[in-house]
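Chain and residue survey
Each chain is listed here by its residues.
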Amino acid sequence: MSYEGIVLDVDGTVVRESAPIDGAAEGLAAVDDAGVRRVFCSNNPTKRPEAYEERFAEAGFTVSAEEVFTAGTITTDYLTDEHADDQVFLVGEAGLRDQLVDAGLSVTTDPRAADVVVGSLSTEFDYETLCETIIAMDDEPAFVGTDPDTVIPQDGPDRPGSGAIIHAMEGVIDRSVDVICGKPSAYARETVLDYLGVPAEDCLVVGDRLNTDIELGTAAGMTTALVTTGIMDRSAVADSAVTPDYVIDSLAELGAVIGGTAERYVA
């Protein structure tokens, strides 16, 4: 099979923090050599695409901000489309708040004024935040989550992600979010496919998480490849309801996937 487009995860797939992951250079070179149109999609809600451009440069890769979409940019677009005139109460980092404000959205610190509540990664999340969540949800406003990632892979112990914060918020109000904007949501799929401008069946998705990267691809009819350099390994595949088409040990094997010589995963 030949591919016209590829969706690449970032953290745990291409880079870890600002360091290249072994095999990433070979994988990106294979994409370029095949003439496949690429896009990068991260579930990090706090960093702008320009910050990723800088991170890639530090890792030795040339990537433009226009090629990068994040849970933050997708959430901002969703809120702009669906809640442009609403007061947004955000449980999240300043980096996401700045993105919302720069897009013209009204962000309030008063939980009683909330028309929509957004849950996301927050390093200042505490007991008082949960109290404010209960107050904000009293009149049953819309409830939006940026992404479902419960942990963030690091060099060292993993750290809690947006999903952990969102689950805590859901727990105290006994209500699930109305929508998740990042991978594997329909909003994320539409965003990357619109950018690539190619049919889903002609796209390859590569990432290190079965429940986000691989699920995004399978739900849209894309070919999928799980790379084991990040959060999940081969043992996770056997226990998963989501099955990738390929399992590779690094992006160095991406050329074989694109070229059709790699062996497909068999459960």
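Residues numbered from 1 in each chain as written. Predicted model: local features only at pLDDT ≥ 70, side-chain atom pairs only at ≥ 80, totals over all residues. Heavy atoms only, no water.

- If you look the protein up in an unreviewed UniProt entry, it shows as HAD-IIA family hydrolase from Halonotius roseus.

Overview of the packing of aromatic side chains
- By the definition in use, this model includes 3 aromatic pairs.
- The aromatic ring of Tyr195 is capped on one face by Arg37, whose charged end is 4.6 Å from the ring centroid. (Phe/Tyr/Trp six-rings, centres within 6.5 Å; stacked < 30°, edge-to-face > 60°. Lys NZ or Arg CZ within 6 Å of the ring centre and 35° of its normal.)

Things to note about the sheet that holds strand β8 (residues 116-119)
- As summarised here, the arrangement of the 5 strands in space is β7-β6-β8-β9-β12, forming an open sheet in which the pairing is parallel. Edge positions in the sheet fall to β7 (106-108) and β12 (179-180), since each has one partner strand and no second.
- Across 4 bridges, the pairing between β8 and strand β9 (residues 142-145) is parallel. Note that in β9 the partner of Gly119 across the bridge is Gly145. (Pairing = 2+ DSSP bridges. Helix = DSSP H or I, 4+ residues; strand = E, 2+ residues; numbered from the N terminus.)

Some words on the environment of Gly259
- Looking at where Gly259 falls in the secondary structure, it is placed in helix α10 (residues 254-259).
- For the pair Gly259 and Thr191, spaced 68 residues apart in sequence, the C-alpha to C-alpha distance is 26 Å.

A short note on the domain arrangement of the protein
- Taken domain by domain, the protein holds domain 1 (5-43 + 183-259) and domain 2 (74-180).
- The C-alpha-based centres of domain 1 and domain 2 are spaced at 26 Å.
- The interface is formed by 13 residues belonging to domain 1 together with 13 residues belonging to domain 2.
- Taken together, both faces of the contact between domain 1 and domain 2 bury some 1200 Å²; the carbon and sulfur share is 57%.
- For domain 1, the biggest contributors to the area lost against domain 2 are Asn43, Tyr187 and Arg209; these three give 40% of the whole.
- Counting across the interface, domain 1 meets domain 2 through 1 salt bridge. (Domains from an automatic or database assignment. Contact = heavy atoms within 4.5 Å. Buried area = accessible area lost by both parts, 1.4 Å probe. Salt bridge = Lys/Arg side-chain N within 4 Å of Asp/Glu carboxyl O.)

Focus: the pattern of salt bridges
- Scanning all chains against the criterion turns up 10 salt bridges.
- In this structure, the salt-bridge partner of Asp102 is Arg48, at a minimum N-O distance of 2.5 Å. With a gap of 54 residues between them, Asp102 in helix α4 (residues 94-102) and Arg48 in the loop between β4 (37-42) and α2 (49-59) connect regions that are remote in the sequence.
- Take Asp102: its relative accessible area is 56%, and that puts it in the exposed class.
- Overlapping salt bridges bring together Asp9, Lys183 and Asp213 as one network. (Buried < 20%, exposed > 50% of the residue type's maximum accessible area, 1.4 Å probe, protein only.)

Side note on the side chain of Arg55
- Along the chain, Arg55 turns up in helix α2.
- Residue classification places Arg55 among the buried positions, given a relative accessible area of 15%.
- For Arg55, the side chain forms a polar contact with the main-chain oxygen of Glu17, separated by 2.3 Å.
- Setting aside its immediate chain neighbours within four residues, Arg55 contacts Asp11, Val15, Arg16, Glu17 and Ser18. (Polar contact = N/O pair within 3.5 Å; in protein donor to acceptor, adjacent residues only side chain to side chain.)

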